[in-house]
Amino acid sequence: MNAAKLDPIDLKILDAIQRDGRITKLALAEQVGLSPTPCWMRLRKLEKAGIVSGYHARIAMRVVAPVATVLMEVTLANHRQADFDRFERVIRDIPEIVACWSVGGGVDYVLKVMARDIDAYQRLVDGLLDREIGIDRYFTYIVIKTVKDEIALPIADLLPASP
């Protein structure tokens, strides 16, 4: 199933479940205007197609414990595929690095790091530098306040416009 095959009801289903992953079958069916069985069958089809890739709880980490959220720009010294592969392999295995994007522009990667505190973040960076994974330079941006952190994607707005 690709974006071209998503109809308005599929979009309503996706919107509803990303806002409430624990929604009941009956409530979902009511929201999208279907009876429960066809609604459930559509949801299963979306899951099988990989469009719905999982259901997750969102943890308010700052309620659990104080944490430092840090964005980090990384530029590698060399730009061969092997250099990118080595860096990415190491990054994938570090749990405090919760997101990593390869980007175009003046840097190679942007990382989101969740650390106990700034000292823990610096120890993590020191460890990365000690591993000699090709980091030429990095810049650190400490998140002072989260202004927006939306998890629900504007699916309908991201699809190509209909002719």
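Bear in mind the structure is a predicted one, so any value in this text is a computation, not a measurement. (Residues numbered from 1 in each chain as written. Predicted model: local features only at pLDDT ≥ 70, side-chain atom pairs only at ≥ 80, totals over all residues. Heavy atoms only, no water.)

Undergrad: Teacher, can you tell me more about the packing of helix α2 (residues 25-32) against helix α3 (residues 36-48) here?
TA: Between two packed helices, both the angle of their axes relative to each other and the distance between the axes serve to describe the pair. Between α2 and α3, whose axes approach to 9 Å, the crossing angle comes to 95°. Relative to α3, the element α2 is oriented roughly perpendicular. Within the contact between the two elements, α2 uses Lys25, Leu26, Leu28, Ala29 and Val32 and α3 uses Pro36, Cys39, Trp40 and Leu43. Considered class by class, the residues forming the contact of α2 with α3 number eight nonpolar, no polar and one charged. (Axes fitted to C-alpha atoms, helices over the stretch in contact; angles between N-to-C directions. Helix = DSSP H or I, 4+ residues; strand = E, 2+ residues; numbered from the N terminus. Parallel < 35°, antiparallel > 145°, perpendicular 65-115°, else oblique. Contact = heavy atoms within 4.5 Å. Nonpolar A, V, L, I, M, F, W, Y, C, P; charged D, E, K, R; others polar.)

Undergrad: Just to check I follow, could you spell out unusual backbone geometry for this structure?
TA: With glycine set apart, most residues show a phi of negative sign, and most peptide bonds adopt trans. Notably, Glu132 is not glycine yet its phi reads approximately 50°, a positive angle. Overall, the relative accessible area of 65% leaves Glu132 in the exposed class. (Buried < 20%, exposed > 50% of the residue type's maximum accessible area, 1.4 Å probe, protein only.)

Undergrad: Please clarify how the environment of Arg22 should be interpreted in this entry.
TA: Relative to the elements of secondary structure, Arg22 occurs in the loop between α1 (8-19) and α2. Linking Arg22 and Ile144, residues 122 residues apart in sequence, is a C-alpha distance of 31 Å.

Undergrad: Where do I start with the nonpolar core in this structure?
TA: In summary, soluble globular proteins display a tendency toward joint burial of nonpolar side chains. Ranked by size, the top nonpolar core spans 22 residues in total, and within it Val74, Phe87, Ile97, Leu111 and Leu128 carry the most contacts. If near-sequence neighbours (up to four positions away) are discounted, Leu111 is found in contact with Val70, Leu71, Met72, Val74, Phe87, Ile91, Ile97, Ala99 and Cys100. Grouped together as the second largest cluster of nonpolar side chains are 15 residues, Ile17, Ile23, Cys39 and Ile155 included. (Core = buried A, V, L, I, M, F, W, Y, C linked by side-chain atoms within 4.5 Å.)

Undergrad: I'm lost on helix α6 (residues 118-130) in this one. Help?
TA: The terminal C-alpha atoms of α6 lie 18 Å apart, and with 13 residues this matches the ideal 18 Å at 1.5 Å per residue to within 8%. On the buried face of α6, the contacting elements are β1 (68-76), α5 (81-92), β2 (97-102), β3 (109-115) and β4 (135-142). If you check the start of α6, you find a side-chain oxygen 3.2 Å away from the backbone N of Asp119, and it comes from Asp117. Positive backbone phi, approximately 50°, marks Glu132, located one or two places after α6. (Expected span 1.5 Å × (residues − 1). Polar contact = N/O pair within 3.5 Å; in protein donor to acceptor, adjacent residues only side chain to side chain.)

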